[in-house]
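# Examining the three-dimensional arrangement
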Amino acid sequence: MIRCAGKSVLHKTSKNILKIIPSSIPKACNNHIINSHVSQRFYNRTRHLFDEMPHRTQRLYTNFFDVLNLVEWCKVRPNLQSVVNVHALALKAGVLAHLPASTSLVLAYSRAGDYASSVAVFGEICCKDVVVWNAMITSAVNNGLVRDAVCVFIQMLQDGIKFDSLTLVIVVSAVSRTTIRLACLELVHSLGVKNSLLSDCDLRNALINSYAKRGDLGSSERLFRETEMKNKISWNSMISGCLSNDRPDKSLWYFKKMVSCGTEVDNVSLSCAISASTSLLDLSNGKVVHGFAIKLGYNENAHVSVLNPLVSLYSKCGDVDTAETVFKRIYVKDLVSWNTMINVFSSNGMILEAFDLLRQMQLTGSIQPDAVTILSLLSLCADSMLLFKGKTLHGFVIRSFSRFNRSCVLVMNSLMNMYSKCNQMEKAETLFTSTQDIDLISWNTMISGYAQNGNSRFAQLLFKKLMHRCLKCTLSTVLAVLSSCNSPEFLRFGESVHSWQLKLGFSNNILSINSLICMYTSCGDLKASYALLQSVSTVADTACWNAMITGCTQNGYYSESLETFKLMRRESDTKHDFVTLVNVISACGNLDLVFHGRLVHGFAHKTLVDKDVRVMNALITMYGRFGDVDSAMLVFDLCSNPNLCSWNCIISALSQNKKAKTALRLFQNLEFKPDEITNSTILSACTQLGSIRHGKQIHGHVLRSNFHENCFIVAALIDMYSNCGRLDISIRLFNSSSEKNIASWNSMISAYGFHSKGQKAITLFDEMIKSGEKPTKTTFINLLSACAHSGFVNEGLRYYNRMSDVYGVEPVTEHHVCVVDMLGRSGRLNEAYEFIEKTVVKPDHGVWGAMLSSCNYHGDVEMGKKVGQILFGMEPKNVGYYVSLANTYVAAGSWSDAVKLRNFVQDVRLKKPVGYSLVDVG
């Protein structure tokens, strides 16, 4: 049923229209590729309709013709100086009394960009007819002054000028290009109904298109159904309208109906249908439309508007090769063609192809990169951490600043994002402070960048500044600042953000709830996390459960992660996915739950999720932690499509389980280009073997791959050279490293300790503290070990006693082992035993094993017997303890006790692993 505003008079209608127009309407700029075809058609229609539809009878004297022709020429080819000159000539010749000439001048000034002169000419016309009014409304629309256009229309109504269907078409097209309220469009519609103008096909099509653009698809469809004589534009308006309202399924349905009705299909119809298939990721349907386009002759180079969406279709559906083939067949490529293909390569991580295409684009000369091109490539640089290429793009933006002036903020935001993801927050901050017109996205980018780079306090301070500026925040702001609350010290701030978020009305947003669950889990408040999960249990989807399970796993709450998984399994409406299983498998590996890990593996196999490469990678890592190298290799061999991460996982599993030779052999057969993780892992294998020959080869590869500045690789190289006896190279590598992280410091302290350079290890530790680097658990393990090997017992005890109070590192079993070893080596066995007795944490076999070794070294039989009995109770099948105690007996001359112990070992059939030595003869 057609909407009608009722029996209101024109004066009342004009007041209503004026009332619902906002005081300030921004200039709208529609960038949607598909809708632009239809909207441009209406725009051109309203702009040039005066040229196509004669409304007046021409009664001119022949001496006016030359001047009139000049006025018409200025309207078609507007140039401000020419229009001014012709205006003066027309005034002198008296041609302006002729209404068509004045109308043409109004349009000529408008198209030349001088709207004020259009208004002035319009004001001087005495007897204005509907054509002049239409020309004035069109002038306002052409210059983006939609409010002025509507005001001119209202003045027209108040002056009693009878409008025609063309007037309403122009007004409708103006309304559709703004964010003006829907009621204004409905009032214009009611005027068309009241004056019986809806028989005009152009007006109907304009209303169908405008309702769809305003998001009222229902009204658009009703009007379309009531249209008896549907033409090509009617169908295209409906097809594109459905697409713009996120209904690609309906868009395809109307396209099929259009074809079945025998209506001629054009490039707009085809591009919309292809885009609808892309939105649905329906490649088969897209191929059918492609074939139909070929049948109609739209595979020719002239129809670039059809070929560009085809490139997007094939790329979004995973067929990059076909997308590239379609692109190459476009003989005359426009800017959209190049941008689409560059975006295809960028979104698929094809770095070389994307930048090669950029180079080809620049070599064409006629087409140069715009903001869209730069944004696609900057996104690729950010995701792949390509700092050098990102800087190159930044330089290009600076050189071509005028080209990006209108999109300056967008480009600057993308540059900030790129620098922050490449760990260059100083450069991102410089851009942020130097850019004049920063928007909310700029603030969100910087807050997120600080959080991702571990600068949580900076992120929170910036958020507070944003609040003081009273800028309206979005969900993205919430998600960015919540990610900075990643430790217990930020719990109160996170709770404040939670309260603020509730006030803003984000309490029911699933993304917001998931972010809060992760925040509370990271801050150690599991009760709050579970309470949030419980509060949305009725609507909780897989993502909510995954947020809880992932948060627990990533923050070391492995048991809680498994418990949450059990609760998730009880929910019949929630299904697990690969994210769920990856985190559950990781939890099993970290807890050393072999049986549960195998159960989860079987569950993954049963639900067919084990075919996912990410799940298989997690399984390889889990079996590696279990020490089950055979199962890890079996999973790797069954992986049908292993990626680089798969190879890294299996090489790491082999290295961790003392299978360094097998790891090296796998590395030699690697099917991918090694990354930083691969190199650091294989260097660990070289360290185990003491193979400096292989280590040097890997070092050479690191230099060629430009990984030598990576702190973790530097640390691995320091370890390797130190263990191979080349402390001098380790020192040189450490000193030449431009950037040192905690891994580099730890490796160098360990290297000094390994070579009994305890004093240098202590000096280096002090340097590290002065540099501002915070020591970790590993730092103190290496430092205490260095003190033990160099006999610096008092210094070692001093550092151990200051660990918790001064440096905030709680002692764990590994530190206790180092202290016992340090005291034992110096002969202070009673003190070592008392230390073990006083430890808060129950000592495990590692601590008592270090004590037994010290007893063996100093020949203390009585203490050795006591410690041996404790160890035999802990690990009765560990033959090493029996051998160590037997050696203690032999050293003390107690042969009978030694024989008894060895006979016992033989009786229970314990065997000592065969020892071996490696000599690198290469």
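None of the values given here were measured: they were computed from a predicted structure.

## Some thoughts on the overall build of the chain
Within the chain, the secondary structure is distributed over 52 helices and zero strands. The principal-axis extent of the C-alpha atoms belonging to the chain is close to 140 × 55 × 55 Å. Across the 922 residues that make up the chain, the buried fraction comes to 49%. The contacts of the chain with a sequence gap of at least 6 include a subset with a gap of at least 24, amounting to 64%. Accessible area for the chain stands at about 45,300 Å²; split by element, carbon and sulfur atoms hold 53% of it. Put simply, the chain has 93 plus and 75 minus side-chain charges, and the middle of one group is 3 Å from the middle of the other.

## Here we look at helix H47 (residues 813-825)
The end-to-end C-alpha separation of H47 is 18 Å, in line with the 18 Å expected for 13 residues at 1.5 Å each. Inspection of H47 places His815, His816, Cys818, Val819, Val820, Met822, Leu823 and Gly824 among the buried residues, and these make up the whole buried set. Lining the buried residues of H47 we find helix H45 (777-790), helix H46 (793-807), helix H48 (829-838) and helix H49 (845-858). Of the residues one or two after H47, Gly827 is the one with positive phi, at around 85 degrees.

## Considering the environment of Ser279
Position of Ser279 relative to the elements: it lies in helix H15 (residues 267-279). C-alpha of Ser279 to C-alpha of Gln368: the two residues are 89 residues apart in sequence and 28 Å apart in space.

## Some thoughts on unusual backbone geometry
Phi is positive for Ser196, close to 55 degrees, though the residue is something other than glycine. Relative to the elements of secondary structure, Ser196 occurs in the loop between helix H10 (182-194) and helix H11 (201-213). The class for Ser196 is exposed, based on a relative accessible area of 59%. Positive phi, close to 65 degrees, is recorded for Asn706, a residue that is not glycine.

## Here we look at the confidence of the model for the chain
Summary statistics for the chain give a mean pLDDT of 83 and a share of 91% for residues scoring 70 or more. Segment residues 1-62 is flagged for pLDDT under 50; beyond a separation of four residues in sequence, or across chains, it makes 125 contacts in the model.

## Side note on the pattern of salt bridges
Inspection of the entire model under this criterion finds twelve salt bridges. Across the pair Glu324 and Lys328 runs a salt bridge whose closest N-O atoms are separated by 3.6 Å. Of this pair, Glu324 and Lys328 both sit in helix H18 (residues 320-328), four residues apart, which is roughly one turn of the helix. Look at Glu324 and you get partly exposed, because its relative accessible area is 23%. The shortest N-O distance in the salt bridge between Asp612 and Arg614 comes to 2.9 Å. Looking at Arg614, the relative accessible area reads 42%, which means it is partly exposed.

## Side note on the packing of aromatic side chains
For the structure shown, the criterion picks out 21 aromatic pairs. Through successive ring pairs, a cluster of aromatic residues spans Phe224, Trp235, Trp253 and Tyr254. Geometry around Phe122 places Lys128 over its ring, the cationic atom sitting 5.0 Å from the centre. Taking NZ or CZ as reference, Arg614 lies 3.6 Å from the ring centre of Phe578, over its face.

## Some details on the packing of H49 against helix H51 (residues 879-891)
Between two packed helices, what matters for the description is the angle formed by their axes and the separation of those axes. Running from N to C, H49 and H51 point in directions that differ by 25 degrees, and their axes come no closer than 9 Å. Classified by the interaxial angle, the pair formed by H49 and H51 is roughly parallel. Between H49 and H51 lies a crossing of left-handed hand. Here H49 contributes His845, Gly849, Leu852, Cys855 and Asn856 to the contact with H51, which in turn contributes Tyr881, Ser884, Leu885, Asn887 and Thr888.

## Remarks on the environment of Val311
Secondary-structure assignment places Val311 in helix H17 (residues 304-316). Overall, the relative accessible area of 1% leaves Val311 in the buried class. For the pair Val311 and Met341, spaced 30 residues apart in the sequence, the C-alpha separation amounts to 7.0 Å. Residue contacts for Val311: discarding those within four places in its chain leaves Ala323, Val326, Phe327, Thr340, Met341 and Val344.

## Observations regarding the layout of surface pockets
Of the volumes computed, that of the largest pocket is approximately 2,000 Å³. Lining the largest pocket are 44 residues, and of these Met385, Leu387, Cys422, Glu676 and Asn710 lie nearest its centre. For the lining of the largest pocket, the secondary-structure elements that each account for two or more residues are helix H20 (351-364), helix H21 (371-384), helix H22 (387-399), helix H24 (425-434), helix H25 (440-452), helix H39 (676-689) and helix H41 (711-723). With four residues, H22 is the largest single contributor of residues to the lining of the largest pocket. Partitioned by chemical class, the residues of the lining of the largest pocket number 18 nonpolar, 14 polar and twelve charged.

What counts, and where the lines are drawn
- Residues numbered from 1 in each chain as written.
- Predicted model: local features only at pLDDT ≥ 70, side-chain atom pairs only at ≥ 80, totals over all residues.
- Heavy atoms only, no water.
- Helix = DSSP H or I, 4+ residues; strand = E, 2+ residues; numbered from the N terminus.
- Buried < 20%, exposed > 50% of the residue type's maximum accessible area, 1.4 Å probe, protein only.
- Contact = heavy atoms within 4.5 Å.
- Areas by Shrake-Rupley, 256 points an atom, 1.4 Å probe, with all protein chains shown as cover.
- Lys, Arg positive; Asp, Glu negative; His and termini not counted.
- Charge placed at Lys NZ, Arg CZ, Asp CG, Glu CD.
- Expected span 1.5 Å × (residues − 1).
- pLDDT = per-residue confidence, 0-100.
- Salt bridge = Lys/Arg side-chain N within 4 Å of Asp/Glu carboxyl O.
- Phe/Tyr/Trp six-rings, centres within 6.5 Å; stacked < 30°, edge-to-face > 60°.
- Lys NZ or Arg CZ within 6 Å of the ring centre and 35° of its normal.
- Axes fitted to C-alpha atoms, helices over the stretch in contact; angles between N-to-C directions.
- Parallel < 35°, antiparallel > 145°, perpendicular 65-115°, else oblique.
- Left-handed = near helix turned anticlockwise from the far one by under 90°.
- 1 Å grid on protein atoms, 1.4 Å probe; cavity = no way out; pocket = protein on both sides within 12 Å on 5 of 7 lines; lining within 4 Å.
- Points joined across faces, edges and corners; volume = space filled by probe spheres on them.
- Nonpolar A, V, L, I, M, F, W, Y, C, P; charged D, E, K, R; others polar.

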